[in-house]
Amino acid sequence: GSIKKLIPPSREKLERLSEDLSKVLETISKREKSINNSLSDSGMEYQTQAEALKKVTERYESLNKNVRDMGEKYKTLTEKYEQIQTKMSEHGNNVTDSSPIVKIKQAISKLRNEIKGMDLRIGVLSHTVLQLSLIHI
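Here goes a summary of the coordinates provided. By convention here, each chain's residues receive numbers from 1 onward along its written sequence. The predicted origin of the model limits local features to residues at a pLDDT of at least 70 and limits the giving and counting of side-chain atom pairs to 80 or more, whereas totals for whole chains, interfaces and linings rest on all residues. Side-chain numbers here rest on the full set of heavy atoms in the structure, without hydrogens or water.

1. So, the environment of L130
Working step 1: Looking at where L130 falls in the secondary structure, it is placed in helix α2 (residues 99-135).
Working step 2: As for L130 and Y60, which are separated by 70 residues in sequence, their C-alpha atoms are 8.9 Å apart. Helix numbering and strand numbering both begin at the N terminus, where a helix is a DSSP run of H or I of at least 4 residues and a strand a DSSP run of E of at least 2.

Here it is in C-alpha cells:
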C-alpha cells in the first residue's frame, strides 16, 4: 500500500524534472548553434587569411629568387668589367693605335651602364621583398 501512495507524487516530480531537463537541453542546443555560427565565421576568416599568406609567401619566394639571380648576374658582369678593365690597362700601355682603346672604353662604358641597370633592378626587387616581408611580420 505505501508504495502505491508514493507513486503519484514521485511521478509528478519526475515529470517536472523531465520538463526542466527538456528546457535546459533546448537552451543548450540554442547556445551551441549560436557558438557554431560565430566560430564558422572565424574559421572562414582564418582560412581566407591563410590562403592570402600562402600567396604572399610564394610571391616573396619568387621575388627573393629573382634577387639572387640578378645578384649572380651582377657579379658576373662585374667580373667581366674587371677583366676588360685589366685588358684595357695592359693593352693601353702597349698599343699606340688608339682605336682599340676607344672600343674598349666604349665597351667599359656600356658595361658600367648595364651594371647600373642591374643595381637599380636589384634595389627595386630588394625593396619589394622587404615590403612583402614587413607586411607579414
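Still more to cover.
2. Digging into the nonpolar core
Working step 1: As used here, the term nonpolar core means buried Ala, Val, Leu, Ile, Met, Phe, Trp, Tyr and Cys residues forming a set that is joined through side-chain atoms within 4.5 Å. Exposure classes here rest on a 1.4 Å probe applied to the protein chains alone. A residue is buried below 20% of its type maximum, exposed above 50%, and partly exposed in between. One finds L63, M70, L77, Y81, I108 and L125 to be the most contacted residues of the largest nonpolar core, which totals 15 residues.
Working step 2: Of all the secondary-structure elements, those providing two or more residues to this core are α1 (2-94) and α2.
Working step 3: Per element, the largest residue contribution to this core is nine residues, and it comes from α2.

3. Notes on α2
Working step 1: For α2, built from 37 residues, the straight-helix expectation of 54 Å at 1.5 Å per residue is met to within 8% by its first-to-last C-alpha distance of 54 Å.
Working step 2: Listed in full, the buried residues belonging to α2 are I101, I104, I108, L111, I115, M118, I122, L125, V129 and L132. To estimate the expected span of a helix, count its residues, drop one, and scale the result by 1.5 Å.

4. Focus: the pattern of salt bridges
Working step 1: Salt bridge, as used here, is a side-chain nitrogen of Lys or Arg placed within 4 Å of a carboxyl oxygen of Asp or Glu. Applying the stated criterion to the full structure yields two salt bridges.
Working step 2: Linking E26 and K30 is a salt bridge whose minimum nitrogen-to-oxygen distance equals 3.5 Å. Linking E26 with K30, this pair stays in helix α1, spanning four residues, or about one helical turn.
Working step 3: Relative accessible area serves as the criterion here: at 48%, E26 is assigned to the partly exposed category.
Working step 4: Classification of K30 as exposed rests on a relative accessible area of 54%.
Working step 5: Note that K65 is salt-bridged to D69, the shortest N-O span being 2.9 Å. On the criterion of helical spacing, the pair formed by K65 and D69 is a turn pair, its members being four residues apart in helix α1.

5. Notes on a nonpolar patch on the surface
Working step 1: Judged by side-chain polarity, L14, L17 and L21 come together as a nonpolar surface patch covering roughly 310 Å² of accessible area.
Working step 2: By the secondary structure assignment, L14 is in helix α1.
Working step 3: Its relative accessible area of 57% is what places L14 among the exposed residues. What makes a patch is a set of residues exposed beyond 30% relative accessible area and free of salt bridges, joined within 9 Å when like-charged and within 5 Å when nonpolar (Val, Leu, Ile, Met, Phe, Trp, Tyr). Here the open area of atoms and residues is found with the Shrake-Rupley method and a 1.4 Å probe, where only the protein chains shown may cover a residue.

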